[in-house]
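For reference, the chains in residue letters:
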Amino acid sequence: MTVGDIPIAGNDRKTSRAFNFGELSRTLIAAAQMAGDGLILTTLSYISLSLVIYQEHHQVEFFPYVVLTVGTTIFVIFRFARSGAYDVSDAFNYVGTLRSTVKRLVEVILLLTACLFILKVSDNVSRLWLATWSITSAIALCGFRLVTASAAQKLRRSGRLTKNIAIVGASEIGHQLAAKLIQECLGTRLVGVFDERRSRFVESGNGGTTVHQLPVLYELLCRGCVDEVVIAIPPYASHRILELSRRFHPFAVSLRVLAPEGYENFQVLDSRRYGEIGTFRVMGKPLDEVAALVKRVEDVVIAVFCLLLILPLLLVIALSIKLDSRGPVLFTQKRLGANNLPFNLLKFRSMYVEQADPLGNQLTRAGDPRITRVGRFLRMTSMDELPQLINVLKGEMSLVGPRPHALAASAAGISYARAITEYPIRHRVKPGITGWAQVNGWRGETTTIEQIRRRVEHDLYYVENWSLSFDLLILGRTVFAVLSRANAI
């Protein structure tokens, strides 16, 4: 984080020319990414077509492929631009950006396929070319995104790629925000603090930031030197905020206002008016009707297939449990599911009956004497969780989702819900047999607040970023997580 080289502003507008803005242009980087995407797509199209000619040993008419390649490439780049794939101003979200890249490419390829079919020209286009081009493009574009992200991160750290932020309002909170931006925010440059009250055109105490006149900011905005303006005025002064915000309407700049106290954890998704009453949407449905249907189909199909496939294994496990210790084969425990409703979670019994803990008051630990010999093997291989496929078919659970915890589960003697404020958000979706937290190593014991906090962070990321491909990725990684036996008890 750096501060613009700003002199004390007077009435002469020329003083603003002493601002130092030498950072690398994000527009230039975006243009380079677009050119790189275009080069990748066209090159791979040519290579794929060359492969077709080599395989089929006959000449093809190049013109249709040129038209399809150019048109598809332009449309793909447009879709990437609309989805924000070229924005490098903030920290790079690897999973989200790569998923968005693949998703937009698949959308365009499917649209291209549909157009070829509708126009009845699909027989004139090689399927091998289309398949090869699509697969290689997805791999190459994702690799290019990773390279771009790495380069952008290095530029941000070196101070050559920054977002210029101006603060309007020299109140105490304005200076606090300026100090935070200077100390903690990587990749941003504080242009300065601006106010129109003359009493504040002085250097603030304790090494604070110099306050400048608003006309200096207006000139910087005209020159395109500011990316974002933050109006640092308490939310209760709504008329003053509205008046100030209107002054920035003519400028191509992002505008932010302070959130009311207590709203720090909310994210404004959109706004809507009901008559004269305005509202902000701060939380949406995690899955809309179509997504919920897709996820349910996914659960039923995969669960039925798995049950049929492992039925002999289930019978062997059941027999082993009966021979190892007295008691039922299955163990049921109350857990909280979607919408905070309790359900009976099924597991193969892994503890001695007389030492079972239905409420989960005592966390299971490594070497727990309550665990039977067969139970130890089942837990180590996670096969004690297999009966939960029945919970999935009953609609109480999903294959992938936040793991349901025992009702009395706690970390460091504090219940999960009390330890982590956002914990109940996990219950907005069905709990899962596996989840994003588990495949990232956050499974097993939760003896500290940090352990459950990290688990909840991963769960909330899954809730906010669900997709069918994300589910399949987690299921695939679950196999490797189980084989590694990491944190298994």
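This text follows the structure it describes.
All figures in this text were calculated on a predicted structure; none of them were measured in a lab. (Residues numbered from 1 in each chain as written. Predicted model: local features only at pLDDT ≥ 70, side-chain atom pairs only at ≥ 80, totals over all residues. Heavy atoms only, no water.)

Each pair of packed helices can be summarised by the angle the axes make with each other and by the distance between the axes. The interhelical angle for the contact between helix α2 (residues 62-83) and helix α4 (residues 127-158), taken along N-to-C directions, is 35°, at an axis separation of 14 Å. As for the relative orientation of α2 and α4, their crossing is right-handed in sense. Across from Tyr65, Leu68, Thr69, Thr72, Thr73 and Phe80 in α2, the residues of α4 making contact are Trp129, Trp133, Leu141 and Arg145. Residues of the contact of α2 with α4, tallied by class, amount to six nonpolar, three polar and one charged. (Axes fitted to C-alpha atoms, helices over the stretch in contact; angles between N-to-C directions. Helix = DSSP H or I, 4+ residues; strand = E, 2+ residues; numbered from the N terminus. Left-handed = near helix turned anticlockwise from the far one by under 90°. Contact = heavy atoms within 4.5 Å. Nonpolar A, V, L, I, M, F, W, Y, C, P; charged D, E, K, R; others polar.)

Before going further, it helps to examine the packing of aromatic side chains. The final tally for this structure, using the stated rule, is eleven aromatic pairs. Geometrically, the ring pair formed by Trp129 and Trp133 is stacked, given 5.1 Å between the ring centres and 25° between the ring planes. Within this pair, Trp129 and its partner Trp133 are both found in helix α4, separated by four residues, close to a single helical turn. Across this residue pair, the class does not change: Trp129 and Trp133 are buried. A ring pair is formed by Tyr218 and Phe251, whose centres lie 6.3 Å apart and whose planes are at 10°; its orientation type is stacked. Placement of Tyr218 in helix α6 (residues 214-222) and of Phe251 in the loop between α7 (238-247) and β6 (254-257) is noted, with a sequence separation of 33 residues between them. One aromatic cluster in this structure is built from Trp436, Tyr461, Tyr462 and Phe470. (Phe/Tyr/Trp six-rings, centres within 6.5 Å; stacked < 30°, edge-to-face > 60°. Buried < 20%, exposed > 50% of the residue type's maximum accessible area, 1.4 Å probe, protein only.)

This next bit is on the pattern of salt bridges. Tallied over the entire structure, the rule returns 19 salt bridges. Across the pair Arg247 and Glu196 runs a salt bridge, and its minimum N-O distance is 2.7 Å. Of this pair, Arg247 sits in helix α7 while Glu196 sits in the loop between β3 (188-195) and β4 (211-213), and the two are 51 residues apart along the sequence. Its salt-bridge partner being Arg403, residue Glu385 comes within 3.1 Å of it at the nearest N-O pair. You can see Glu385 sitting in the loop between α9 (373-381) and α10 (388-393) and its partner Arg403 sitting in the loop between β11 (398-400) and β12 (410-411), a full 18 residues away along the chain. A relative accessible area of 10% places Arg403 in the buried class. A network of salt bridges, in which partner residues are shared, links Glu196, Arg240, Glu243 and Arg247. (Salt bridge = Lys/Arg side-chain N within 4 Å of Asp/Glu carboxyl O.)

Read these as layout, nothing more, since geometry by itself doesn't imply function.
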